[in-house]
Amino acid sequence: MNEIIRNIEAAQMKAEVPQFRVGDTVKVYAKIKEGNRERVQIFEGTVLKKQGGSSVRATFTVRKNSNGIGVEKTWPIHSPNVEKVEVVRRGKVRRAKLTYLRGRVGKRAKVKELVK
């Protein structure tokens, strides 16, 4: 039974997985269906967490501030609705999950940029 599930999941995985880490500011190009039309909507924000490792069930959560209200969205990395993920800037963080950003506003909610 596990072999059948593994084969189905392998067929649904993307060939190219975008390379980004927690703390990075990314643009997520998500496909949106409206009736019979389909368009691409950009969601730009900070990656709060990545879960699931390298499996087909792996997800990532992005948070942005929209009109003073924090908005979070979670997408599967291998979803066909995620067209691409573009890294805007690299973040310098020291932990795997940035849930502490939820309680912060303004400059305190920023992540330092990683300079190489």
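These notes cover the structure that comes with them. Just so it is clear, the model here is predicted, and its values are computed rather than measured.

Conventions and cut-offs
- Residues numbered from 1 in each chain as written.
- Predicted model: local features only at pLDDT ≥ 70, side-chain atom pairs only at ≥ 80, totals over all residues.
- Heavy atoms only, no water.
- Helix = DSSP H or I, 4+ residues; strand = E, 2+ residues; numbered from the N terminus.
- Buried < 20%, exposed > 50% of the residue type's maximum accessible area, 1.4 Å probe, protein only.
- Areas by Shrake-Rupley, 256 points an atom, 1.4 Å probe, with all protein chains shown as cover.
- Lys, Arg positive; Asp, Glu negative; His and termini not counted.
- Charge placed at Lys NZ, Arg CZ, Asp CG, Glu CD.
- Patch = residues over 30% accessible without salt bridge, like charges linked within 9 Å, V, L, I, M, F, W, Y side chains within 5 Å.
- Salt bridge = Lys/Arg side-chain N within 4 Å of Asp/Glu carboxyl O.
- 1 Å grid on protein atoms, 1.4 Å probe; cavity = no way out; pocket = protein on both sides within 12 Å on 5 of 7 lines; lining within 4 Å.
- Points joined across faces, edges and corners; volume = space filled by probe spheres on them.
- Nonpolar A, V, L, I, M, F, W, Y, C, P; charged D, E, K, R; others polar.
- Contact = heavy atoms within 4.5 Å.
- Polar contact = N/O pair within 3.5 Å; in protein donor to acceptor, adjacent residues only side chain to side chain.
- Pairing = 2+ DSSP bridges.
- Axes fitted to C-alpha atoms, helices over the stretch in contact; angles between N-to-C directions.
- Phe/Tyr/Trp six-rings, centres within 6.5 Å; stacked < 30°, edge-to-face > 60°.

## A look at the overall build of the protein chain
Right, so step 1: Counting secondary structure elements, the protein chain contains one helix and five strands.
Right, so step 2: In the protein chain, buried positions account for 28% of the 116 residues.
Right, so step 3: In the form shown here, the protein chain has an accessible surface area of approximately 8,300 Å², with 48% of it arising from carbon and sulfur atoms.
Right, so step 4: When the 28 positive and 11 negative side-chain charges of the protein chain are each reduced to one mean point, those points stand 10 Å apart.

## Considerations on a nonpolar patch on the surface
Right, so step 1: Together, M1, I4, I5 and I8 make up a nonpolar patch on the protein surface, roughly 440 Å² of accessible area in all.
Right, so step 2: Along the chain, M1 turns up in the segment before α1 (2-12).

## Topic: the layout of surface pockets
Right, so step 1: Each pocket or cavity is described by its volume, and for the largest pocket that value is around 370 Å³.
Right, so step 2: If you trace the largest pocket, you find 16 residues lining it, with T46, R63, K64, N65 and A109 closest to the centre.
Right, so step 3: Only β2 (37-51) and β3 (59-66) provide two or more residues apiece to the lining of the largest pocket.
Right, so step 4: Among the elements that take part in the lining of the largest pocket, β2 stands out by supplying four residues, more than any other.
Right, so step 5: Residue composition of the lining of the largest pocket, by class: four nonpolar, six polar and six charged.

## Quick word on the environment of R63
Right, so step 1: With respect to the element layout, R63 can be found in strand β3.
Right, so step 2: Residue classification places R63 among the buried residues on the basis of a relative accessible area of 18%.
Right, so step 3: Considered as a pair, R63 and R104 are 41 residues apart in the sequence and their alpha carbons are 12 Å apart.
Right, so step 4: Each residue touching R63, except ones within four places of it in the same chain, is listed here: G45, T46, L48, G70, V71, E72, L101 and R102.
Right, so step 5: Within the structure, R63 has its side chain in polar contact with the side chain of E72 (distance 2.9 Å).

## A short note on the sheet that holds strand β1 (residues 25-34)
Right, so step 1: With respect to topology, five strands assemble into an open sheet ordered β4-β3-β2-β1-β5, the strand pairing being antiparallel. Sheet topology places β4 (69-76) and β5 (82-89) at the edges, where each strand pairs with a single neighbour. Strand-to-strand twist in this sheet, taken as the mean axis angle between neighbours without regard to direction, amounts to 40 degrees.
Right, so step 2: Across six bridges, β1 lies against β5 in antiparallel orientation. Bridge pairing in β5 places V26 opposite V87.

## Topic: the packing of aromatic side chains
Given two aromatic rings, one states the distance between the centres and the angle between the planes to describe the pair.
Right, so step 1: Per the stated rule, a full pass over the model turns up three aromatic pairs.
Right, so step 2: Where F20 meets F60, the ring centres are 5.0 Å apart and the plane angle is 65 degrees; that geometry is what we call edge-to-face. One end of the pair, F20, is in the loop between α1 and β1; the other, F60, is in strand β3, with 40 residues separating them in the sequence. Taken individually, F20 and F60 each receive the classification buried, so the pair is uniform in this respect.
Right, so step 3: Seen from their ring centres, F43 and W75 are 5.4 Å apart, and the 70 degrees between their planes marks the pair as edge-to-face. Here W75 lies in strand β4 and F43 lies in strand β2, a separation of 32 residues in the sequence.

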